[in-house]
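Listed below, chain by chain, are the residues.
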Amino acid sequence: MTRQTQGAAAAQAGMVQRILHRPITATLIAIALGFGVAAALLAAAGYDPGASFAALFEGVFSKPKYVSNTIIKAAPIILTGISVAFAFKTGLFNIGAEGQYIAGAVCAVLVGAKLDLPMPLQIPLVVIAGVAGGALIGAITGALKARFGIHEVITSIMLNWTMLYLNNFVVQSAAYHRPTSTSSIPVNASSFTTILPAWKTSDAGLETLRQVPWLYDFLVKTDVNIAFLVAVLVAVGAWFVLFRSKLGYELRAVGFSRDAAEFAGMPVGRNTLIAMAIAGAIPGLAGALMVTGVEPHSISTLAGFENYGFNGFSVALIAGSSPIGCIFAGLLFGGMIYGGQSVQMAVGAPTDIINIMIGTIVFFVALARVVPLVADLLERRAQKRGARHA
Amino acid sequence: MEPDASLAVQMRGIVKEFGTFRALDHVDLAVKRGSIHAVLGENGAGKSTLMNVLYGLYRAEAGEILLNGERVEITCPTDAIAHGIGMVHQHFMLVDNFTVTENIVLGDEVCGAAGVLDMKRAREAVARIIETYGLEVDPDAKIEEISVGQQQRVEILKALYRGADILILDEPTAVLTPQEIERLVRIMRELASAGKTVIITHKLKEIKASSDACTIIRRGVQVGTVDVSRASEEELAELMVGHHVNLVVEKAPAAPGETVLSIRDLVVEDERGVEAVRGLSLSVRAGEIVGLAGIDGNGQCELVEAITCLSRAKAGTIAVHGEEIQNTSVRNVHAHKVATIHEDRQRRRLVLLFTVAENAILERYRDPAFGRRGILDRAAMSSFAEGLIEAYDIRPADNADKPARALSGGNQQKVIIAREVSGEPDVLIAVQPTRGLDVGAIEYVHRALVAERDRGTAILLISTRARRGHERIRHHRRHLQRQDHRHVQAGRGRREPPWPPHGGR
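Keep in mind the model is a prediction, meaning the values are calculated, not measured.

Quick look at the overall build of chain A now. Tallying secondary structure elements over chain A gives 18 helices and 0 strands in all. The burial tally for chain A puts 49% of its 390 residues in the buried class. Sequence separation of at least 24 residues holds for 80% of the intrachain contacts in chain A that already meet a minimum separation of 6.

So this is what it looks like as structure tokens:
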């Protein structure tokens, strides 16, 4: 090898290593591996992996309606993901996003079903009720940790169940039960956060929208609502609070080093409470937006968890606890959940294959620390080769 | 340097690069068989890197290694072990709830038929090595039950059990008490006289007592190898740092002003509710350094926590400029311009995952200078941090955006000193400010303290582990303390714990 080609090879190797050291690379590789494992399983079970993946992508992208539904599905898990990521950045483990989500949904119904004000007042009130409900549950967890040192994982798991039964209690209560159903009464139409809910189903609206087929598809055939836009704003907001505000500076200091924060005069207990309250408010917001934005605009009796909170964990993990990253991870997740249904319809493969894919991706993301190690290994190999040539 | 069979280790022209940073630049090392050879250098000079190359943890870009005059290829620790090289790292690698014997044989177990562990034979083998070198550890004790000094001996045993003839000890004295250091020196002498070769990395202290020869590395470049018996500590320090080092701090006589910090009849209880500080009274005037000495665990910790309002004073007063501050809040203490340099810098004074710029404002982030309406002014933070980095020579110079964890201990301490001193405090509490630092950094800290004194700060210097004539107290008495320091015994009247703590010899 001449000196020049060797230099070029070294530069190329350097670039590969730089790319391998970037966190996003590890995530992308993990996603690819997730698809790979799913392909192997599909093939082993006798389904055509190519056709299955084609069905998955068609199930997400082939119609504006599907894209719309994917975004609707993604919004709440983006929010619960941001909640988990936010808590994690402040040194807390918010496994309670599930319960906080339910609290938000219940509170939105409690207020929205009984109150019927003009829309500009009603929507903020109902949404704020949900946010407050989630924040309260988060704050209880934070207060117990700050005051008595009880670990947040224990209290939030218990609160998850508490919220599940509170939800069922509200659904069954005389004031909120809808006769001959397993649901509560819906929130009043004035609290709907669906985009243009009245206009799009009016004659004038339908007439106008028919002119633009994709928009008709996108708007009329789904419950498209403001939740995704709100989620994007919350992601940016969470990033700003964490990294650009003095509050976030304090919260992160307490999260990273309680002792140093204490010595620097920061109120450690209060910050734990604030961090958990914020982390709780975000799933609460998600719960409220799902009630106000998606049919049937009510809550129903739960036999088990709907996994909004737990899926948020996977989203935050795939996003590497970056609030902005949660938008993309949430979309990926939402796409797989929604598009996965078409896999079953198209090739007959069970939807479990989607769960396996998600599981594999999360597994490999968790293993992502391996990728920089592989980069180092390549570097050492290159050195060895270089030494042999020298 | 020609191949020489009388030399146990020869390293020639070793070059090691990390990215663009050259950690070792053509370093040579020659170690005689059966000798104790020290590798001396400041933090970050490259001594551990050189040892890691020898042990196969790093691969050098250039250079060769000869053992007993023969060229060897060491690419991983397994190679090193096969060539009879053992290494004891600064941070021990032991399983806490395993016994000494179990730890020693771990990875190299004695097995009977069908791969069944034969712990009886293993224990015998271990006991034999303990006997031979006088290492004195109970082979059946669990790691969590024995002292740090004994844990280090277990690490040495692990290397010897694997047949090491060349033993690398990386900063072996950093974690030990003075008694344990004496023990270690004796063990090393024992090993050397049995024909083993010992290489230790060092930060100057105890080198005269322990080593035969010494190779000095400064910023990755080998400066020279000297016969320890012919060089003075000052000469070694000078070679190491690259300029003349003052082991004695030069300073003008103190010109103390009025009393700034005054403590009266202070009583503080420790966590168990035992009175750790009993009726302590002292005062510190502006422009003087008052030393407070005592063995660790005699109330120094509780005193500092009380002054900084992290724990309650049960009785008595702490006043700054006549205003009582005890049992108020940490922020109130800061408002009275009391700054603290703490011995436990990584736990108490830095957020290791924060950048240097973020750490630089740890106590001042509320200041409008760093952003108004609750929003951080990143530009102001960076320029403030860069100012400190330049003024206090914190290295590397482009570290404002790097996490504090990436800095060496000395530079971490510089960040803290820079931050505390830049607030122009009236009172400075310095707890073991030089602990774990190398000579260059120690000199720096001493100078900074004296400069603060001359500016008119009242300084309370607290040291621990200072009984029995250990160098620390002599050190302060000699260098910082002359006519302007008064000694006060902390935790007066408290029964002192048995010493040495682990039964000793």
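Alright, that's what it looks like, and here's the rest.
Residues and elements named next belong to chain A. Two elements in contact, helix H4 (residues 64–89) and helix H15 (residues 308–318), have axes separated by 7 Å at closest approach and are oriented at 65°. Crossing hand, H4 versus H15: right-handed. Only Tyr-308, Gly-309, Asn-311, Gly-312, Phe-313, Val-315 and Ala-316 of H15 make contact with H4, whose side of the interface consists of Pro-76, Ile-77, Ile-78, Thr-80, Gly-81, Ser-83, Val-84, Ala-85 and Phe-88. The residue inventory of the contact of H4 with H15, partitioned by class, reads 10 nonpolar, 6 polar and no charged.

This part covers the domain arrangement of chain B. All names here are of chain B. Assigned domains within chain B: domain 1 (7–241), domain 2 (258–337 + 424–500) and domain 3 (350–423). The element contributing the most residues to the side of domain 2 that touches domain 3 is helix H15 (residues 439–455), with 4 residues. Of the residues belonging to the side of domain 2 that touches domain 3, the class tally is 6 nonpolar, 2 polar and 3 charged.

A separate point is the pairing of strand S9 (residues 213–218) of chain B. Residue and element names in this part refer to chain B. Two strands pair when backbone bridges link them, and strand S3 (residues 36–40) and S9 are joined in this way by 4 bridges, in the parallel orientation. Looking across to S9, one finds that Val-39 is bridged to Thr-215. Pairing of S9 with strand S10 (residues 221–227), which is carried by 6 bridges, proceeds in the antiparallel orientation. Considered in S10, the bridge of Ala-213 is made with Asp-227. Here S9 folds back onto S10, and the loop between the two strands holds 2 residues, one of which, Arg-219, carries a positive phi near 45°.

So, on to the interface of chain A and chain B. With 16 residues of chain A in contact, the opposing surface of chain B contributes 23 residues. Here the side of chain A that touches chain B gets 5 residues from one element, more than from any other, and that element is helix H12 (residues 246–256) of chain A. When the residues that make up the side of chain A that touches chain B are grouped by side-chain class, the tally is 7 nonpolar, 4 polar and 5 charged.

Turning our attention to helix H9 (residues 300–307) of chain B. Burial analysis of H9(B) places 7 of its 8 residues in the buried class, the great majority of the element. A positive backbone phi angle near 65° is found at Cys309(B), which sits one or two residues after H9(B).

On to the domain arrangement of chain A, then. The domain architecture assigned to chain A consists of domain 1 (63–320) and domain 2 (357–390). Here the C-alpha centroids of domain 1 of chain A and domain 2 of chain A sit 38 Å apart.

Residue and element names in this part refer to chain A. Positionally, Val-362 belongs in helix H17 (residues 352–366). On a C-alpha basis, the gap between Val-362 and Ala-30 in space is 7.6 Å, while along the polypeptide they are 332 residues apart. Excluding residues within four positions of it along the chain, Val-362 makes contact with Ser-314, Leu-317 and Ile-318.

The next point concerns the sheet that holds strand S15 (residues 323–324) of chain B. All names here are of chain B. Pairing is antiparallel in the open sheet, where 4 strands are placed in the order S12-S11-S14-S15. With partners counted over all chains shown, the strands left at the sheet margins are strand S12 (275–285) and S15, one partner each. The sheet contact formed by strand S11 (residues 259–269) and S12 spans 8 bridges and is antiparallel. Residue Thr-259 lies in a different strand from S12, and its bridge partner there is Arg-285.

Turning our eyes to something else, we now look at the environment of Ile289(B). Residue and element names in this part refer to chain B. Of note, Ile-289 is situated in strand S13 (residues 288–293). For Ile-289, a count of 25 C-beta atoms within 10 Å corresponds to the buried category. Taking C-alpha positions, Ile-289 is 33 Å from Pro-368, a pair spaced 79 residues apart along the chain.

In this section: the packing of H15(A) against H17(A). Residues and elements named next belong to chain A. In contact at an axis separation of 9 Å, H15 and H17 are set at 45° when each is read in the N-to-C sense. Classified by the angle between their axes, H15 and H17 sit oblique to one another. Handedness of the H15/H17 crossing: left-handed. Facing H15, whose interface residues are Ser-314, Leu-317 and Ile-318, H17 presents Ile-358, Ile-361, Val-362, Val-365 and Ala-366.

All names here are of chain A. The end-to-end C-alpha separation of helix H16 (residues 323–347) is 36 Å, in line with the 36 Å expected for 25 residues at 1.5 Å each. Maximal helix bending in H16 amounts to about 25°, located at Gly-339. Trailing H16 by a residue or two, Gly-348 shows a phi angle of about 80°, which is positive.

Before going further, it helps to examine unusual backbone geometry. For the bond running from Glu295(A) to Pro296(A), omega is 5°, close enough to zero to count as cis. For Pro296(A), the location among the structural elements is in the loop between helix H14 (268–293) and H15. Notably, Glu136(B) is not glycine yet its phi reads approximately 45°, a positive angle. As for its placement among the helices and strands, Glu136(B) is situated in the loop between helix H4 (119–133) and helix H5 (148–161). The phi dihedral of Lys337(B) is positive, around 60°, even though this residue is not glycine.

All names here are of chain B. Of all residues in chain B, 86% attain a pLDDT of 70 or more, and the chain-wide mean is 77. A low-confidence stretch, residues 465–505 stays under pLDDT 50, and its non-local contacts, those more than four residues away or across chains, total 75 contacts. For this predicted complex, the interface score ipTM comes out at 0.73, while the overall pTM is 0.70.

Thresholds applied
- Residues numbered from 1 in each chain as written.
- Chains lettered and ligands numbered in written order.
- Predicted model: local features only at pLDDT ≥ 70, side-chain atom pairs only at ≥ 80, totals over all residues.
- Helix = DSSP H or I, 4+ residues; strand = E, 2+ residues; numbered from the N terminus.
- Buried ≥ 20, exposed ≤ 12 C-beta atoms within 10 Å, placed from the backbone.
- Contact = placed C-beta atoms within 7 Å.
- Axes fitted to C-alpha atoms, helices over the stretch in contact; angles between N-to-C directions.
- Left-handed = near helix turned anticlockwise from the far one by under 90°.
- Nonpolar A, V, L, I, M, F, W, Y, C, P; charged D, E, K, R; others polar.
- Domains from an automatic or database assignment.
- Pairing = 2+ DSSP bridges.
- Parallel < 35°, antiparallel > 145°, perpendicular 65-115°, else oblique.
- Expected span 1.5 Å × (residues − 1).
- Bend = angle between axes of the 7 residues up to and from the residue.
- pLDDT = per-residue confidence, 0-100.

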